[in-house]
Structure formats: structure tokens, C-alpha cells
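Given next are the chains, with one letter for each unit.
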Amino acid sequence: MAKVLVDTHEGIGTVTFNHDAHRNALSKALIDEFIAVLHHLHREQVRAVVIRANPGATVWSAGHDFRELPTKGADPLAYRDPLERMIRAVEHFSAPVIGMIDGSVWGGAFELALVCDLLTGSHNASFAITPAKIGVPYNSSGLTHFINALGMSTVKEMFFTAYPIDAERALQIGILNRLVPTSDLDTVTYDLAHAIAANSPLSISVVKEQLRILGNAHPLSPETFERIQSLRQAVFDSHDYAEGTRAILEKRAPVFTGR
């Protein structure tokens, strides 16, 4: 069964996560299908894309598939890893991408949602970033996405506590562009998509790329970059990283020791 469904209508592509049994976890198989679908929609020259879960799903995506986390010492968020390729595919897609959220969003899926150009959500939407729960040091490009979208204070709170935020707060701090009842979510989302599709695709494509470049215009010196990579590698080599990944697979709470 396909883990990602695609439909095109009136210049709008709809991409639906279709792996409810695993809470739409972002496995390599799902990501490969997702990227292939985006390539198809690019060839179709769609004017806007909507990413959604199946109607009635309580989880938009649970984030990184923990069954595929690398063993101790390996970076699960390296440049060529599946989740990073998925995020770049959305960032670089030529037309605006709208995330339609009617459920919870966890971990790396939250970053995926943030790189969408617009987010609509119902009151069932919630967002959490949880690397601290499993001992993973998030990568610098991902942190930049969070800082640009949320601001430093909110990013610190969410990463340090791993607490979810509800839909109302998500609207207040600018994660969601629209917050509506579930019964209105399809209408509101596709009204936005049709409004985009009616405008100049060339103009929108250029502005989207400008905004992406300007939003990421925070250069690091080579020395700073190497220091960050060294700090992250120390975590991947740690007891806590091995304990966090093992605890997830064994369905128990991790016991972190700081080693």
C-alpha cells in the first residue's frame, strides 16, 4: 500500500500521508515516496501543494521513524539523510506548500511543517519537538528553521522541556496562519491554495526563493561550524544517546546520566 497519496485538481496538488498504522512516521520508504510525488507535481506545474494526513487521523506525523535511528556514533540528521532531503524538497519546491494540520505533529515532522510556506490548522493541532526525550542533538540547519519561525525564547522552551503547544498558542506565536474548526479546515485551506493558484506563478516562485535565501542568511565561520559539529558528535558517541534510542525501541522511559 502506498504510504503517500497524490491528487491534482485545478492546478493544486494534494499530498496525503497514508501510513496511519505507524502514525505517519517519516521512514525512508515514506520519504522516498513523498519526494517522488513532489517531483511528479513539479512536472505537472502545479501552482500550490497541500500536505495533509488522512481525514480523521489524530497524528499528522510522529516525526522521525525511531526504528530507523542509526546506532551510537552516527548522525541521524546528516545532510544526505532522508529527513533532511525531505525538508529541502519542500523548501526548494517552486510553488507554495501549505501544511494542513488536523492532529499532532512531533519531532522532525514539526520542522517539516515549519518549512511549509503556510500552515492551516484545526483545534486538534498540536506541536512538539522532542530530541531531548531521546538524547539527540538537533542539527544547525534545523535549529535555524525553528529560530526563524518561532524566535529564540520559544525555541529554548520547546527544545528544553519537550512540551507540546496547542493550536491556540501556535496561532498566537505565528506557527499557524489560520486556526479553524475541523469542519472548515478543508475549505479554508483550499481557498488559500486557489488564491495562490490565481496569481503569477513566476512572481511567487521568485519571491519564495528570495525569502528562503534571506531567511537562512546567517553565515557561520568555519571554526564555529566545526565546533558545533564536534559538540554534536560527542552526544552521538555518548551513553545517553544509546540509552535514549534503546528506550524508545523497548517502549520505556529512558534513564539519562549525562554521560
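See the structure shown above.
Residues numbered from 1 in each chain as written. Predicted model: local features only at pLDDT ≥ 70, side-chain atom pairs only at ≥ 80, totals over all residues. Heavy atoms only, no water.

Participant: Would you mind going over the packing of aromatic side chains with me for this structure?
Facilitator: We describe a pair of aromatic rings using the distance from one ring centre to the other and the angle between the two ring planes. Taken as a whole and assessed by the stated rule, the structure comprises seven aromatic pairs. Here the aromatic rings of Phe110 and Phe146 are separated by 5.2 Å at their centres, their planes lie at 80 degrees, and the arrangement is edge-to-face. With Phe110 in helix H3 (residues 108–115) and Phe146 in helix H5 (residues 140–150), this pair connects stretches of sequence that are 36 residues apart. Residues Phe110 and Phe146 agree in their burial class; the two are buried. Taken together, the ring pairs in this structure connect Phe110, Phe127, Tyr138, Phe146 and Phe159 into an aromatic cluster. (Phe/Tyr/Trp six-rings, centres within 6.5 Å; stacked < 30°, edge-to-face > 60°. Helix = DSSP H or I, 4+ residues; strand = E, 2+ residues; numbered from the N terminus. Buried < 20%, exposed > 50% of the residue type's maximum accessible area, 1.4 Å probe, protein only.)

Participant: Before we go on, may I ask you to explain the sheet that holds strand E8 (residues 126–128) in this structure?
Facilitator: If you trace the four strands from one edge of the open sheet to the other, you get E4-E6-E8-E9, paired in mixed fashion. Two strands lie at the open edges of the sheet, namely strand E4 (59–61) and strand E9 (165–166), each paired on one side alone. Pairing of strand E6 (residues 104–106) with E8, which is carried by three bridges, proceeds in the parallel orientation. Bridging from a neighbouring strand, Ser104 pairs with Ser126 of E8. Its contacts with the sheet put H3 on E4, E6 and E8, and the angle it makes with E6 is roughly 105 degrees. (Pairing = 2+ DSSP bridges. Contact = heavy atoms within 4.5 Å. Axes fitted to C-alpha atoms, helices over the stretch in contact; angles between N-to-C directions.)

Participant: What should I look at first to understand the environment of Ala149 in this one?
Facilitator: Here Ala149 is to be found in helix H5. Sequence separation between Ala149 and Glu111 is 38 residues; the distance between their C-alpha atoms is 9.8 Å. Each residue touching Ala149, except ones within four places of it in the same chain, is listed here: Leu114 and Ile173.

Participant: Just checking my understanding: could you explain the packing of helix H2 (residues 82–92) against helix H9 (residues 201–215) for this structure?
Facilitator: A pair of packed helices can be characterised by two numbers: the angle between their axes and the separation between those axes. It is the contact of H2 with H9, at a shortest axis distance of 10 Å, that shows an interaxial angle of 130 degrees. What the angle tells us is that H2 and H9 run oblique. Two secondary-structure elements touch here, H2 through Val90, Glu91 and His92 and H9 through Lys208, Glu209 and Arg212. Looking at side-chain class alone, the contact of H2 with H9 contains one nonpolar, one polar and four charged residues. (Parallel < 35°, antiparallel > 145°, perpendicular 65-115°, else oblique. Nonpolar A, V, L, I, M, F, W, Y, C, P; charged D, E, K, R; others polar.)

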